[in-house]
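A structural walkthrough
What follows is each chain in one-letter form.
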Amino acid sequence: GLPQLATTVCTRMRMKLDREPRNQLERERMEEYKSLYTDYRISPLVGDFAHFPPSLIMICTHDAIYDDGIMLYEKLKSYHREVTLLEYKSFHGVLNFVTQSVTADNMMNDVARFCDQHLK
């Protein structure tokens, strides 16, 4: 899983950095980064979803974190949580253009519908 991947990446980087004494700061920084990958507040994929509320995950087809959205959806489903996944043919950050983009406007409407259904 993700924690194992973070450990593997950090271990390989540490082995490389250990060859040079001047890299002590980088070694320490890698350990800090490793802790970020395994902290559920930073990386939601490593969290416990047993009591998660109904969730809406919105992903864009041209987004660097597209796969993360899919993985989050699958993890919530594995916990038998109510989750809705909506995919848009757009790019990361499109919601910043809500007044200029039909896709962003549609996304905002989908959020409003989701809230209407679940916040009663």
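Let me sum up the structure you'll find in this document. Source: prediction; values computed, not measured. (Residues numbered from 1 in each chain as written. Predicted model: local features only at pLDDT ≥ 70, side-chain atom pairs only at ≥ 80, totals over all residues. Heavy atoms only, no water.)

Brief notes about the packing of aromatic side chains
Counted according to the given criterion, the structure contains three aromatic pairs. When the ring of Phe49 is compared with that of Tyr79, the centres are 5.7 Å apart and the planes differ by 70 degrees; the resulting orientation is edge-to-face. In this pair, Phe49 is assigned in the loop between helix H2 (24-37) and strand S1 (55-62) and Tyr79 in the loop between helix H3 (66-78) and strand S2 (83-91), connecting sequence segments 30 residues apart. Following the ring pairs from residue to residue traces out a cluster consisting of Phe49, Phe52 and Tyr79. (Phe/Tyr/Trp six-rings, centres within 6.5 Å; stacked < 30°, edge-to-face > 60°. Helix = DSSP H or I, 4+ residues; strand = E, 2+ residues; numbered from the N terminus.)

Quick notes on the pattern of salt bridges
This model, assessed by the stated rule, comprises one salt bridge. Arg113 serves as the salt-bridge partner of Asp110, at 2.4 Å between the closest nitrogen and oxygen. Here Asp110 pairs with Arg113, and both are found in helix H4 (residues 102-118), just three residues apart, close to one helical turn. With a relative accessible area of 16%, Asp110 lands in the buried category. (Salt bridge = Lys/Arg side-chain N within 4 Å of Asp/Glu carboxyl O. Buried < 20%, exposed > 50% of the residue type's maximum accessible area, 1.4 Å probe, protein only.)

What about the pairing of S1?
Direction of pairing for S1 relative to S2: parallel, over a ladder of seven bridges. Its bridge partner being in S2, Ile57 is matched across the sheet by Leu85. This β-α-β element, S1 to H3 to S2, shows right-handed connectivity. (Pairing = 2+ DSSP bridges. Right-handed = clockwise from strand over helix to strand, strands pointing away.)

Concerning the environment of Cys115
As for its placement among the helices and strands, Cys115 is situated in helix H4. On the accessibility criterion, Cys115 (30% relative accessible area) is partly exposed. Between the alpha carbons of Cys115 and Leu56 there is a distance of 9.3 Å; along the sequence they are 59 residues apart.

All quantities given are derived from atomic positions and should not be read as evidence of function.
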